[in-house]
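# Breakdown of the fold
Now for the letters of each chain:
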Amino acid sequence: MPPLRAPLRIDGAELRLVRLPLVTPFTISTGTMTEKVFPLLILKSGGLEGYAEGVMDPLPDYLEETTAGAMALLRDTLLPQVMGHSFAHPQALARALSPWRANFMARATLEMAFWDLWAKSLGLPLQTVLGGEGGAIDVGVSLGIAPIPTTLDRIAQHLDQGYQRIKLKVKPGHDLALLRAAREAFPQAHLTVDANCCYSLADSALIARMDAFDLDYIEQPLAWDDIHDHATLQTRIATPICLDESIRTPDHARKALQTGAARVMNIKVGRVGGHTAARAIHDLCEAFAVPVWCGGMLESGVGRAHNIHLSTLPGFTKPGDTSSASRYFTRDIIEQRLETVAGRMPVPPGPGIGVTLDLDTLKTATLSHAEILP
Ligand code: OSB
Ligand code: MG
């Protein structure tokens, strides 16, 4: 049960569209990202502010949501719906949004900002109100597609820095040779792959050949909206399947767990509608003894801080993707430096998500700015 307190009223909001250039272009099977463009939501109550960012891309290349669509939905529908209203706890706000169809990333932006606000109103760290504990989390890295020698250099560099797991992005024609080279050069490394939906069941034999490389799991080999074919594929391969794109709701997670489509789960709070759903998925996975880890979407410090707090829940037993912010950005929009120490990311201390906005950087990075009032 959340602590007893008066309902928290949403008095106002600021919705910004923010752009940050990426230090290194990031290539996955669906394309290359050179910058991060995202909605930043500042939710206000009395003197307090809650922060969250949306994880959708400008184009519907990861899932179906888009930045423009989410900005419009937040500005014209979701924020006016909650503005001037009070909520007894964040789950009540999540429930108010539940009649809407899909748009989980847009909803998550609002729900997560309210969790931050809620935790701050109680003077507690977000991890505490979520039910997590501990001062740091285990993290790995996700390495984008690059020529094999470049990737081998990057693996060596990140293992040297202490990262606890290396995830390699693959696509057809850039898979088995890469894995052979990586496994030969790093026989002991904790390796995984992420296909971002680029294979089909017709590729079962090729995917089964990945069993030879002792991968901890293969992430999202098949379509973004599929569960059934993943269950079939799992009967044909030994490597555990981890689902990412396919899981947008606790119900998706339940179906994947019941059918054996996922032996590992990637939980991205920004993908599943917020912390309420992320916790529900976490609990379902625990009931099925399926380990979970926290994925990332190249977030700025705001989304990164949310991910870190969520990752302190007990079911997050595998290293996540929330690596050092300096790998992504030269200047972040928060004042704190979210950097790993020997493969562990410290939890930002203090109330809520524990980070504060760097207003100068934010101003320079802002593409548009809207105030929403009751
Ligand atoms: O599939 O996990 C993914 C980045 C953008 C879109 C999708 C994915 C990723 C990553 C990188 O793997 C995670 C991160 O470093 O934030
Ligand atoms: Mg993924």
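## Considering the side chain of E14
Residue placement: E14 occurs in strand β2 (residues 12-28). Within the structure, the side chain of E14 is placed 3.1 Å from the side chain of K44, a separation counted as a polar contact. Within the local environment of E14, its side chain forms a polar contact with the side chain of H369, the two groups lying 3.1 Å apart. Ignoring anything within four residues of it in the chain, the contact list for E14 reads L40, L41, I42, K44, H369, A370 and E371.

## Some thoughts on the site of ligand 1
The environment of ligand 1 is made up of 15 residues, and the closest members are S142, N196, K268, L298 and Y328. S142 places a polar side-chain atom, nitrogen or oxygen, 2.9 Å from an oxygen atom of ligand 1. One of the side-chain nitrogen or oxygen atoms of K268 is found 2.9 Å away from an oxygen atom of ligand 1. When isolated, ligand 1 has an accessible area of 390 Å², and the protein chains bury 99% of it. Grouping the amino acids of the shell around ligand 1 by side-chain chemistry returns five nonpolar, three polar and seven charged.

## Points about the domain arrangement of the protein chain
Frequently, the measure chosen for interface size is the accessible area removed from exposure when the parts meet. Parsing the protein chain into structural domains produces domain 1 (8-123 + 357-372) and domain 2 (129-346). Domain 1 and domain 2 are separated by 23 Å when their C-alpha centres are compared. On the side of domain 2, 46 residues touch domain 1, which itself brings 41 residues to the contact. At the junction of domain 1 and domain 2, the tally comes to one salt bridge. Counting residues per element, the ones that place at least two in the side of domain 1 that touches domain 2 are β2, β3 (31-45), β4 (48-53), α2 (90-97), α3 (104-122) and α12 (359-365). If one sorts the elements of the side of domain 1 that touches domain 2 by residue count, α3 sits on top with eleven residues.

## Details of the packing of helix α9 (residues 250-259) against helix α10 (residues 275-287)
At their nearest, the axes of α9 and α10 sit 9 Å apart, and the two run at 15° to each other. What the angle tells us is that α9 and α10 run roughly parallel. The crossing of α9 and α10 is right-handed. Note on element contacts: α10 touches α9 through A277, A280, I281, L284 and C285, opposite P250, A253, R254 and L257. Of the residues assigned to the contact of α9 with α10, the class counts are eight nonpolar, no polar and one charged.

## Here's the deal with the pattern of salt bridges
Any two side chains of opposite charge can pair, so long as their charged atoms come close to each other. Within the structure shown, the criterion is met by 17 salt bridges. Two residues, D321 and K167, come together in a salt bridge whose shortest N-O distance is 2.7 Å. Of the two residues, D321 sits in the loop between α11 (301-310) and β14 (344-346) while K167 sits in strand β8 (residues 166-169), which places them 154 residues apart along the sequence. Judged by its relative accessible area of 5%, D321 falls in the buried class. The class for K167 is buried, based on a relative accessible area of 2%. In this structure, R271 engages D244 in a salt bridge whose closest nitrogen and oxygen atoms are separated by 2.6 Å. Here D244 lies in the loop between β11 (241-243) and α9 and R271 lies in the loop between β12 (264-267) and α10, a separation of 27 residues in the sequence. In this structure, R271 and D244 share a single accessibility class: buried. Salt bridges here are not isolated pairs; linked through shared partners, they connect R165, K167, K169, D194, E219 and D321.

Conventions we followed
- Residues numbered from 1 in each chain as written.
- Chains lettered and ligands numbered in written order.
- Predicted model: local features only at pLDDT ≥ 70, side-chain atom pairs only at ≥ 80, totals over all residues.
- Heavy atoms only, no water.
- Helix = DSSP H or I, 4+ residues; strand = E, 2+ residues; numbered from the N terminus.
- Polar contact = N/O pair within 3.5 Å; in protein donor to acceptor, adjacent residues only side chain to side chain.
- Contact = heavy atoms within 4.5 Å.
- Near = heavy atom within 4 Å.
- Areas by Shrake-Rupley, 256 points an atom, 1.4 Å probe, with all protein chains shown as cover.
- Nonpolar A, V, L, I, M, F, W, Y, C, P; charged D, E, K, R; others polar.
- Domains from an automatic or database assignment.
- Salt bridge = Lys/Arg side-chain N within 4 Å of Asp/Glu carboxyl O.
- Axes fitted to C-alpha atoms, helices over the stretch in contact; angles between N-to-C directions.
- Parallel < 35°, antiparallel > 145°, perpendicular 65-115°, else oblique.
- Left-handed = near helix turned anticlockwise from the far one by under 90°.
- Buried < 20%, exposed > 50% of the residue type's maximum accessible area, 1.4 Å probe, protein only.

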